[in-house]
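# Commentary on secondary and tertiary structure
So the chains spell out like this:
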Amino acid sequence: MAGVATQASLESAPRIMRLVAECSRSRARAGELRLPHGTVATPVFMPVGTQATMKGITTEQLDALGCRICLGNTYHLGLRPGPELIQKANGLHGFMNWPHNLLTDSGGFQMVSLVSLSEVTEEGVRFRSPYDGSETLLSPEKSVQIQNALEMTKRDVPGFAIGGLSGGESKSQFWRMVALSTSRLPKDKPRYLMGVGYATDLVVCVALGCDMFDCVFPTRTARFGSALVPTGNLQLRRKVFEKDFGPINPECTCPTCQKHSRAFLHALLHSDNTAALHHLTVHNIAYQLQLMSAVRTSIVEKRFPDFVRDFMGTMYGDPTLCPTWATDALASVGITLG
Amino acid sequence: MKLSLTKVVNGCRLGKIKNLGKTRDHTMDIPGCLLYTKTGSAPHLTHHTLRNIHGVPAMAQLTLSSLAEQHEVLTEYKEGVGKFIGMPESLLYCSLHDPVSPCPAGYVTNKSVSVWSVAGRMEMTVSKFMAIQQALQPDWFQCLSDGEVSCKEAASIKRVRKSVDRSLLFLDNCLRLQEESEVLQKSVIIGVIEGGDVMEERLRSARETAKRPVGGFLLDGFQGNPTTLETRLCLLSSVTAELPEDKPRLISGIGRPDEVLKCIERGVDLFESFFPYQVTERGGALTFSFDYQLNPEEILLQQNGTQEEIKCVDQIKKMEITGCNQEITSFEINLKEKMYREDFNPLVRGCSCYCCKNHTRAYIHHLLVTNELLAGVLLMMHNFEHYFGFFHSIREALKNDKLAQLKELIHRQAS
């Protein structure tokens, strides 16, 4: 995407985010994104629908779960079915019949696109601007690079994507890079952390100041028979659930938990009926969306740090049993556990 | 339960079965079909997506082959399979086998019948069979029976005779066990008519089974390819002539629209709906017209001329799909074909199903090419709705004395 950034265009990036509340201790924020296909509350988890489909659930089901933004992957769609066909089908929205927002990783389909930051190298996080293709390297050690990054953050773009951090790096490196990024990014623009989706990671990264997340994990793990719950996950194929007649999570409001027991899902998972996978996909997306909603409410009600402590307590048995990296990350923004 | 016939036209019985179910307040229309399920769930569908379908039958078919291994679980559950699978309001019929999966021959003895599940073979004696039914608590269930002659080629008359004898023996034993159980008395036993291709044995099976206090009859062993049905149609008429008018007649393994009509004309009331599932599994969408009010040009328009295209391009292929060793029929289009890549029409113009109201042939084609799970979901929704619509049109045609027109329309579309 070539193009010269003129003075006018530098200042004309839309203000898509409105901050509704901020945590007084940590960097957590609650907000609203004003997007072409409707408003989206943040923090938000965006399910990933790689090939113009949300893996076995209909767009109506996804809408019914309260999802208002999900991901499409233009790399895959660029190959199949290809950009010309998508254009003929009235864009990706028309092709898959999704009335709400879509986030893609490039601008070919006239979506809202965010500046994408590329990969973490040995030196640090590399930023690339679509305006003039210039690259900026952010590394904690070198003040020159930090100054360059500050230059970047002064660019008038709608928001920032923090990428390349869901690879093989250690969790300790991971949270520090996220924290560094959010400390340098302007407050009034959304921070989209790519590829982050485990519940603990979401909660910690909200504390570190991120607003938007996407990950294939919940939908992928559903197709392996794993249901997400506040204490971790249930591998429903295991024999221990054969006669467990309660729902996956009695507190969950999703259709799967309203209608079905663990025992039935266990039986269905051992059959060749794909419906089993769809029940779990519905539940896992609901879990992620309900989690983000609960996080948001706690920020708005000024009790986010307590929420975090409760969350960690439920997930790990006791807040002090939380993994070290998460404890450190939370401490760095003023939240202590136990 | 009570079966009342509104009229009989050309051998076709139009009517209602009333006072069905544990609460005695469900009704079923005949001729009709049952909702096909696998392990207690419509294939590919959750409650939400099933609910999107118009005209879902009041009764669902469960298969013992898929549920027998839940025996212990259901015994502990105590509340019956309907509640277990999340379909507490549906009427339930439990058949022995899955019509889609062929059963290997050689596993019926004087004391037991084997059913085949994902986990392997399960041997059913009468007592084990009835114990499982006690745990399932279905509204209707097919009695344990020896249907093996239909799996074999050219069964000897001795073997055919044995299938009738065994099935009657199983029936009498099951009825006896039912008398001893309060729970089982709430379910209705469906007697099974066997006898292979031997007229004498078919008549014997029909007459003897009709003497027993069964709630209805299953006509077994008529499944096969279209040519085998033709030769068996005469047997079918003779069998139903021996059966009481006030009890429903089910048939297993018949799904093609032209075959359905032929069987209805010979006194059959209820069918399975595995056929739309088989079409779904090979990436097909049912497009045959059952709108006998439309003139032929309008019908072609509705289908976008694809039926003609199919005949020109000669697309009949054999496809090996697991358990669906079936040829593509002329009642469907194959969405994997390249010609649908840029076709932004719905599967069937004018169809009111979720898929046709929300998606295009191009999108379904894309989902099939990229191997996406949603293809099965959307196709299943369309194919079920289309098939249930077909049965509705049969009832309407009978009501309005238009059966001949419907028959002509369907047979014109049969290849």
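In this text the structure is predicted, and so the values were computed from the model without any measurement.

## Some thoughts on the interface of chain A and chain B
- Taken together, the contacts link 40 residues of chain A with 39 residues of chain B.
- Interface area, chain A with chain B, both sides summed: about 3500 Å², of which 60% is carbon and sulfur.
- Summed over the shared surface of chain A and chain B, the result is five salt bridges.
- For K55(A), the salt bridge goes to E372(B), with nearest N and O atoms at 2.8 Å.

## Some remarks on the sheet that holds strand β1 (residues 2-9) of chain B
Residues and elements named next belong to chain B.
- Judged by pairing direction, the sheet is antiparallel, and its three strands sit side by side in the order β1-β2-β3 without closing on themselves. What marks the edges here is a single partner per strand, and that holds for β1 and β3 (26-30). The mean angle between the axes of side-by-side strands here comes to 10 degrees, regardless of whether they run parallel or antiparallel.
- Note that β1 and strand β2 (residues 12-20) share seven bridges and pair antiparallel. When the sheet's bridge partners are listed, K7 is paired in β2 with L14.

## Quick notes on the nonpolar core
- Within the largest apolar cluster, 164 residues are counted, with the highest numbers of intra-cluster contacts made by W140(B) and F271(B).
- Among the elements that make up this core, the one with the highest residue count is helix α15 (residues 374-399) of chain B (15 residues).
- Membership of the second largest hydrophobic core comes to 46 residues, among which are F174(A), F213(A), C215(A) and M315(A).

## Comments concerning the pairing of strand β9 (residues 120-125) of chain B
- Here strand β8 (residues 112-117) of chain B runs beside β9(B); their pairing, made up of six bridges, is antiparallel. In the sheet register, S117(B) faces β9(B), and the bridge partner there is G120(B).

## Quick notes on the confidence of the model for chain B
Residue and element names in this part refer to chain B.
- Per-residue confidence for chain B averages 91 on the pLDDT scale, and 91% of its residues sit at or above 70.
- Throughout residues 305-325 the model reports pLDDT below 50, and contacts reaching past four residues in sequence, or to other chains, amount to 40 contacts.
- Both confidence scores are given for the complex: pTM 0.90, ipTM 0.92.

## A look at the side chain of D211(A)
All names here are of chain A.
- Within the secondary structure, D211 is located in the loop between α8 (199-207) and β12 (212-215).
- Separated by 2.8 Å, the side chain of D211 and the backbone nitrogen of R191 make a polar contact.
- Residues contacting D211, with those up to four places away along its chain left out, are M17, R29, T42, P43, V44, K189, P190 and R191.

## What to know about the sheet that holds strand β2 (residues 29-35) of chain A
Residues and elements named next belong to chain A.
- Taken in spatial order, the three strands make up an open sheet running β1-β2-β3, and their pairing is antiparallel. Only two strands of the sheet have a single partner each, and these edge strands are β1 (17-22) and β3 (38-42). Across the sheet, the mean angle from the axis of one strand to that of its neighbour is 15 degrees, orientation sign disregarded.
- As judged from the five bridges shared by β2 and β3, these two strands associate in the antiparallel manner.

## Remarks on the pattern of salt bridges
Residues and elements named next belong to chain A.
- If you walk through the whole model with that rule in mind, you get 41 salt bridges over all chains.
- The closest approach of N and O atoms between R68 and D63, which form a salt bridge, is 3.4 Å.
- Overall, R68 belongs to the partly exposed group, its relative accessible area being 31%.
- You can call D63 partly exposed: its relative accessible area is 29%.

## Brief notes about unusual backbone geometry
- For the bond from R80(A) to P81(A), the omega torsion is 10 degrees, close enough to zero to count as cis.
- Here P81(A) is to be found in the loop between α3 (74-79) and α4 (83-88).
- A cis geometry characterises the amide bond from I30(B) onward to P31(B), with omega recorded as 0 degrees.
- Structurally, P31(B) can be placed in the loop between β3 and β4 (32-33).
- Phi is positive for N19(B), close to 60 degrees, though the residue is something other than glycine.
- Here N19(B) is to be found in strand β2.
- Of the residues examined, N19(B) reaches a relative accessible area of 36% and is grouped as partly exposed.
- Phi at T39(B) takes a positive value of approximately 55 degrees, unusual for a residue other than glycine.
- Following the sequence through the fold, T39(B) ends up in the loop between β5 (35-36) and α1 (47-51).

## Digging into the pairing of strand β7 (residues 91-95) of chain B
Residues and elements named next belong to chain B.
- The element β7 is largely enclosed, with a buried count of five among its five residues.
- Burial along β7 is two-sided: L91, Y93 and S95 and L92 and C94, pointing in opposite directions, are all buried.
- Note: strand β6 (residues 59-63) against β7, five bridges, orientation parallel. Bridge pairing links Q61 to Y93 in β7.

Conventions adopted
- Residues numbered from 1 in each chain as written.
- Chains lettered and ligands numbered in written order.
- Predicted model: local features only at pLDDT ≥ 70, side-chain atom pairs only at ≥ 80, totals over all residues.
- Heavy atoms only, no water.
- Contact = heavy atoms within 4.5 Å.
- Buried area = accessible area lost by both parts, 1.4 Å probe.
- Salt bridge = Lys/Arg side-chain N within 4 Å of Asp/Glu carboxyl O.
- Pairing = 2+ DSSP bridges.
- Helix = DSSP H or I, 4+ residues; strand = E, 2+ residues; numbered from the N terminus.
- Axes fitted to C-alpha atoms, helices over the stretch in contact; angles between N-to-C directions.
- Core = buried A, V, L, I, M, F, W, Y, C linked by side-chain atoms within 4.5 Å.
- Buried < 20%, exposed > 50% of the residue type's maximum accessible area, 1.4 Å probe, protein only.
- pLDDT = per-residue confidence, 0-100.
- Polar contact = N/O pair within 3.5 Å; in protein donor to acceptor, adjacent residues only side chain to side chain.

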